[in-house]
Amino acid sequence: MIKNIIYLLLAICLLALGSCSHIELNENDVVSGYTTSKIKAQVIKTKTDFELHDAIGKRLSVYSTYHTKTPSHIKQELDSLISSQIKQYKVFPISYDIADTKKIITNPSIAKQAKLYFATLTDLSVSDKNLAFPISKQLKANSFLVFTIVAWPCESCFSQYQLYEKLQLVNVQHSSIVWTASSSVVLQKTQLGQSEALSKKMAHNLLDVFYHTFKRKWHKKRYHALQARTMKAKAS
C-alpha cells in the first residue's frame, strides 16, 4: 500500500510541469523507499544529452555542509556519493565536485564570504547575491548544488534522534533557490546504530528525486523550447 502511494506521488511530480519545486520525503519514503533499482533503470534508459542553454548556465559547483556531530567518514562517503552521482546524471555540462569546490573556497579572499553565504543558505534558506557572486566568480560556476545534513541523531543534540537532510539548487545570477528537497526521519534510541546507513540511503533518494523532478522536467522542457525557437528563426 505504501509503495503504491509513493509511486503515485512520484508520477504526479513527473507529470506536473512547473510544480514540485519543493519536495519533502517523510519517514515512510526513507524506510520503504521507492524501489531504487527501478529508478536506476529509468536513469540508464533516459537520454542525458539535453542542451543546457537557459539562464541557469552550464557550470555547476557541488558543495556540502554537515551537522557538527556527523562522523568524519560519513562526510567523506557522502561527498563521494553525491559528486559521482551528479556527474553520472550529467545534470550540467560542466560540474565541479565537492572536493574541488571546497579546495577553491578555502582561498582567504573568499573563505569568510563562503562560510557566511552557505550558513545563511542552509540555515535560513536565504541566498545573498552580494555574497554569492564573488564566490561563483572564483569557482567559475553559474549555480550551486548544496547538500546539507541539518540534524544528526545524538542524545546530546537539540533535535536528539532526528536525521534531517536537504538538497538545494541555487542560481547565482538571479540569487534564487531554484529547487529544493528535504528528507527527515526520527529514530528510536535503539535505532541509532542505523544512522550511518540511513543517511546514505536518504542522500541517494534525494539525488534520485532531483534527477526526476528537475533534470528530466526542467531541461527537457527547455530543450524543446529551444528547438521551437531555432525552427522559427530559420523560417524567418
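Scroll up a little and you will see the structure.
Now for a quick tour of the structure. The structure displayed is predicted, hence computed values, not measured ones.

## Some words on the pattern of salt bridges
Inference 1: Evaluated as defined, the whole model comprises 4 salt bridges.
Inference 2: Salt-bridge contacts for Asp 79 lead to Lys 102; the nearest nitrogen and oxygen are separated by 3.6 Å. Taken together, the residues Asp 79 in helix H4 (residues 72-89) and Lys 102 in helix H5 (residues 98-104) connect sequence positions 23 residues apart.
Inference 3: Exposure remark for Asp 79: the relative accessible area of 16% places this residue in the buried category.

## Comments concerning the environment of Lys 75
Inference 1: One can find Lys 75 in helix H4.
Inference 2: Along the backbone, Lys 75 and Ser 64 are 11 residues apart, and their C-alpha atoms lie at a distance of 8.7 Å.
Inference 3: When residues no more than four places from it in sequence are discounted, the contact partners of Lys 75 are Tyr 66, His 67 and Thr 70.

## Let's talk about the side chain of Ser 64
Inference 1: Residue placement: Ser 64 occurs in strand E2 (residues 59-66).
Inference 2: Accessibility expressed as a relative area gives 2% for Ser 64, which makes it buried.
Inference 3: Within the structure, the side chain of Ser 64 is placed 2.7 Å from the side chain of Asp 79, a separation counted as a polar contact.
Inference 4: Side chain to side chain, Ser 64 and Lys 102 meet in a polar contact 2.9 Å long.
Inference 5: Look past the residues within four positions of Ser 64 in its chain and what remains in contact with it is Asp 79, Ile 98, Lys 102 and Phe 147.

## A few points about the packing of helix H6 (residues 108-124) against helix H7 (residues 129-139)
Inference 1: Across the interface, H6 lies against H7 with an axial gap of 9 Å and an inter-helix angle of 130 degrees. By the angle between their axes, H6 is oblique relative to H7. Taken as a pair, H6 and H7 cross one another with a handedness that is left-handed. Of the residues in H7, those touching H6 at Ser 109, Ile 110, Gln 113, Ala 114, Leu 116 and Tyr 117 are Asn 130, Leu 131, Ala 132, Pro 134, Ile 135 and Gln 138.
Inference 2: Along the lines of polarity and charge, the residues of the contact of H6 with H7 split into 8 nonpolar, 4 polar and no charged.

Criteria and thresholds
Along each chain, numbering runs from 1 in the same order as the chain's sequence is written. With the structure being a predicted model, the display of local features is reserved for residues of pLDDT at least 70 and the display and counting of side-chain atom pairs for 80 or more, all residues being used for whole-chain, interface and lining totals. The basis for the side-chain values is all heavy atoms of the structure; hydrogens and waters are excluded. By salt bridge we mean one thing: a side-chain nitrogen of Lys or Arg within 4 Å of a carboxyl oxygen of Asp or Glu. Note on conventions: DSSP H or I runs of at least 4 residues are helices, E runs of at least 2 residues are strands, and numbering of each starts at the N terminus. Each residue is placed in one exposure class: buried if its accessible area under a 1.4 Å probe, protein chains only, is under 20% of its type's maximum, exposed if it is over 50%, and partly exposed if it falls in between. For this analysis, residues touch if any pair of their heavy atoms sits within 4.5 Å. We define a polar contact as two N or O atoms separated by no more than 3.5 Å, with the added condition that, inside protein, one atom must be a possible hydrogen donor and the other a possible acceptor, whereas residues neighbouring each other in sequence contribute only through side-chain atom pairs. To obtain an axis, a line is fitted to C-alpha atoms, over the contacting stretch when the element is a helix, and the angle between two such axes runs from 0 to 180 degrees between their N-to-C directions. Note that the term roughly parallel is reserved for angles under 35 degrees, roughly antiparallel for angles over 145, roughly perpendicular for angles of 65 to 115, and oblique for everything else. By convention the crossing between two helices is left-handed if the near helix lies anticlockwise of the far one by an angle smaller than a right angle, and right-handed if it lies clockwise. Each residue is assigned to one class: nonpolar for Ala, Val, Leu, Ile, Met, Phe, Trp, Tyr, Cys and Pro, charged for Asp, Glu, Lys and Arg, and polar for all the others, Gly among them.

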